[in-house]
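# Structural characterization, general
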Amino acid sequence: MTPMIIARQGRVDEALDADRIRAALGAAGSRFNIIVRERCISTNSELRSLAEAGAAHGSVLVCEEQSGGRGRRGRPWRSVRGGSLTFSLLWRFPEVAAAPVGLSLAIGVAIARALGDLGVPGLRLKWPNDVLRSGRKLAGILVELASGARAAPFAVIGVGMNLALPRDFDPTGALDATDIAAALARPPSRNRLLADLLKNLGADLDRFSSEGFAAFRSDWLARAAWMGERVRLSSEFAEPFEGRLVGIDPDGAALVLGDDGLRRIASGELSLRKLL
Ligand code: BTN
């Protein structure tokens, strides 16, 4: 029998289990190599090492506990045993593929669709790829790309999702957090949730490979948070500036209208914060 894990408010969930995840994947199971670990430092870091050692396309590393989870822009990502889902997916791209610009936005769309299909209402995507509900962060995505002179490029796609957090727990400290337990009376098990996310990710990554971000742009815009509002853009590479978020380019870059005109912000370089 699969052991159980107790999360917030006595909610009980099955422990993560590779066989259950495979069973829930059904026909899509053959596309993924599921690795479940009790503990790891960061699923992204550890899957990247496995990728460099030759791990297969479609490998997935999911851990019950992550001691050094990483968020975007060097922030930590904290998770709760039994109350969070932390996993990374390895996706190898054909050698000839162009740099996968817009990939992280497409992944946001895949995750929002999977959660919407499970009945989670009111999801929004904050550029480049935070998943929000009621203005609070439900999931974070960390896409790390690697390419060598001879090796085909690959992406390690890390997802941290809040299922049932203790009150006042904030995974990054950057945005107030929310969880799936706040949205669904009967949340799915993490095994089932992971399988649903992977099915969507697999199908949408195939689509991204053949059609690029253009195939996701209207879906992303339909869920865009803060569109038309004044925002502040900050980055490690440039001075922060303020303007109005007016759109995204066909490749996923954000378009921000500031006092000095329209600026195009390449996906993944900047973060976006709403002004108070
Ligand atoms: C963010 O919103 O800043 C991105 C958060 C990404 C967190 C996930 S948890 C699984 C994977 N492993 C990591 O170390 N980070 C990502």
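To start, this report covers the structure provided alongside it. Note that the structure is a prediction, hence the values are computed from the model and not measured.

Structurally, Pro 188 is set in the loop between strand S9 (154-162) and helix H4 (190-211). For Pro 188, a relative accessible area of 14% corresponds to the buried category. When the C-alpha positions of Pro 188 and Leu 118 are compared, they lie 8.2 Å apart, and in sequence the two are 70 residues distant. The residues contacting Pro 188, other than those within four sequence positions of it, are Leu 118, Leu 163 and Leu 193.

With nine of nine residues buried, S9 is to be regarded as a mostly interior element. A two-sided burial pattern is seen for S9, the buried positions comprising Phe 154, Val 156, Gly 158, Gly 160 and Asn 162 on one face and Ala 155, Ile 157, Val 159 and Met 161 on the other. Inspection of the sheet shows strand S5 (residues 84-92) paired to S9 by nine bridges, in the antiparallel sense. Looking at the pairing, Arg 92 lines up with Phe 154 of S9. Two elements, strand S8 (residues 136-146) and S9, share eight bridges in a ladder whose sense is antiparallel. Residue pairing in the sheet places Ala 146 in a bridge with Phe 154 of S9.

This part is about the nonpolar core. Here is a general trend for soluble globular proteins: nonpolar side chains tend to be buried in one another's company. Ranked by size, the top nonpolar core spans 65 residues in total, and within it Leu 85, Phe 87, Ile 111, Leu 115 and Met 161 carry the most contacts. With ten residues, helix H3 (residues 103-117) is the single largest residue contributor to this core. Counting ten residues, the second-largest nonpolar core is a separate cluster that includes Cys 40, Ala 51, Ala 55 and Val 156.

Attention shifts here to the sheet that holds S5. The strand order across the open sheet built from seven strands is S3-S4-S5-S9-S8-S7-S6, with neighbouring strands paired in mixed fashion. Edge positions in the sheet fall to strand S3 (33-40) and strand S6 (123-126), since each has one partner strand and no second. Adjacent strand axes in the sheet meet at a mean angle of 20° when their direction is disregarded. Sheet strands in contact with helix H1 (residues 18-25) are S3 and strand S4 (59-66), and its direction is about 145° off that of S3. Against the sheet, H4 makes contact with S3, S4, S5 and S9, and its axis sits at roughly 30° relative to S5, the strand it touches most.

This paragraph deals with the packing of aromatic side chains. What the rule picks out here adds up to one aromatic pair. When the ring centre of Phe 216 is taken as reference, the NZ or CZ atom of Arg 207 above it lies at 5.0 Å. Between the NZ or CZ atom of Arg 263 and the centre of the ring of Phe 241, over which it lies, the distance is 3.7 Å.

This paragraph deals with the side chain of Arg 133. Tracing the backbone shows Arg 133 in strand S7 (residues 130-133). The buried charged residue Arg 133 lacks any salt bridge, with Asp 179 as its nearest oppositely charged partner at 7.2 Å. Polar side-chain contacts of Arg 133 include one of 2.9 Å to the backbone oxygen of Pro 121. Not counting residues within four places of it along the chain, the set of residues in contact with Arg 133 comprises Val 120, Pro 121, Gly 122, Leu 123, Thr 178, Ala 182 and Ala 183.

Ser 42, Gln 66, Arg 70, Arg 72 and Lys 137 are the nearest of the 20 residues found near the ligand. Within the backbone of Arg 72, one N or O atom sits 2.7 Å away from an oxygen atom of the ligand. Against a free-state accessible area of 420 Å², the protein chains account for coverage of 100% of the ligand. The set of elements that each furnish at least two residues to the shell around the ligand consists of helix H2 (43-52), S5, S8 and S9. Residue contributions to the shell around the ligand peak at four residues, all from S8. Its residues assigned to classes, the shell around the ligand shows five nonpolar, eleven polar and four charged.

Next up on the list: the packing of H1 against H4. Running from N to C, H1 and H4 cross one another at 50°; their axes reach a closest spacing of 8 Å. With respect to H4, the element H1 is oriented oblique. Classified by chirality, the crossing of H4 by H1 is right-handed. Listed contacts from H4 to Arg 20, Ile 21, Ala 24 and Leu 25 of H1 are Asn 191, Arg 192, Leu 194, Ala 195, Leu 198 and Lys 199. Residue composition of the contact of H1 with H4, by class: six nonpolar, one polar and three charged.

We now examine unusual backbone geometry. Along the chain, Trp 127 connects to Pro 128 via a cis peptide bond; the corresponding omega equals 0°. Of note, Pro 128 is situated in the loop between S6 and S7. With a phi close to 50°, Ser 134 is a non-glycine residue in the positive phi region. Following the sequence through the fold, Ser 134 ends up in the loop between S7 and S8. Although it is not a glycine, Trp 226 sits at a positive phi angle of roughly 70°. Looking at where Trp 226 falls in the secondary structure, it is placed in the loop between helix H5 (217-222) and strand S10 (230-234).

Definitions and limits used
- Sequence order as written defines residue numbering, which begins from 1 separately in each chain.
- In keeping with the predicted nature of the model, local features appear solely for residues at pLDDT of at least 70, side-chain atom pairs appear and are counted solely at 80 or more, and the whole-chain, interface and lining totals rest on all residues.
- The side-chain quantities take in all heavy atoms of the structure and omit both hydrogens and water.
- Numbering of helices and strands starts at the N terminus; helices are DSSP runs of H or I of at least 4 residues and strands are runs of E of at least 2.
- Buried means the residue's accessible area, taken with a 1.4 Å probe over protein chains only, is under 20% of the maximum for its type, while exposed means over 50%, and partly exposed covers the values in between.
- By definition in these notes, contact holds between two residues if any of their heavy atoms fall within 4.5 Å.
- Strand pairing requires that DSSP identify at least two bridges connecting the strands.
- By nonpolar core we mean a set of buried residues, namely Ala, Val, Leu, Ile, Met, Phe, Trp, Tyr and Cys, connected to one another through side-chain atoms within 4.5 Å.
- All axes here are fitted lines through C-alpha atoms, helices being fitted over the stretch that makes contact, and every angle between N-to-C directions spans 0 to 180 degrees.
- By convention, a stacked pair of Phe, Tyr or Trp rings (six-membered ring in the case of Trp) has centres within 6.5 Å and planes under 30 degrees apart, an edge-to-face pair has planes over 60 apart, and any other such pair is tilted.
- Cation placement over rings: the criterion is NZ of Lys or CZ of Arg within 6 Å of the ring centroid and within 35° of the ring normal.
- Counted as positive: Lys and Arg. Counted as negative: Asp and Glu, with His and the chain ends omitted from the count.
- The salt bridge criterion pairs a side-chain nitrogen of Lys or Arg with a carboxyl oxygen of Asp or Glu, the two atoms within 4 Å.
- N or O atoms closer than or at 3.5 Å make up a polar contact, with two conditions inside protein: a donor-capable atom paired with an acceptor-capable one, and, for residues adjacent in sequence, both atoms drawn from side chains.
- Here, proximity means that at least one heavy atom of the residue falls within 4 Å of the molecule or strand.
- Reported accessibility uses the Shrake-Rupley method at a 1.4 Å probe radius. Residues are deemed covered only where the shown protein chains occlude them.
- Residues were grouped as follows: Ala, Val, Leu, Ile, Met, Phe, Trp, Tyr, Cys and Pro as nonpolar; Asp, Glu, Lys and Arg as charged; and all remaining residues, including Gly, as polar.
- Roughly parallel refers to an angle under 35 degrees, roughly antiparallel to one over 145, roughly perpendicular to one between 65 and 115, and oblique to any angle outside these ranges.
- When the near helix sits turned anticlockwise from the far one by under a right angle, the crossing is termed left-handed; a clockwise turn instead gives a right-handed crossing.

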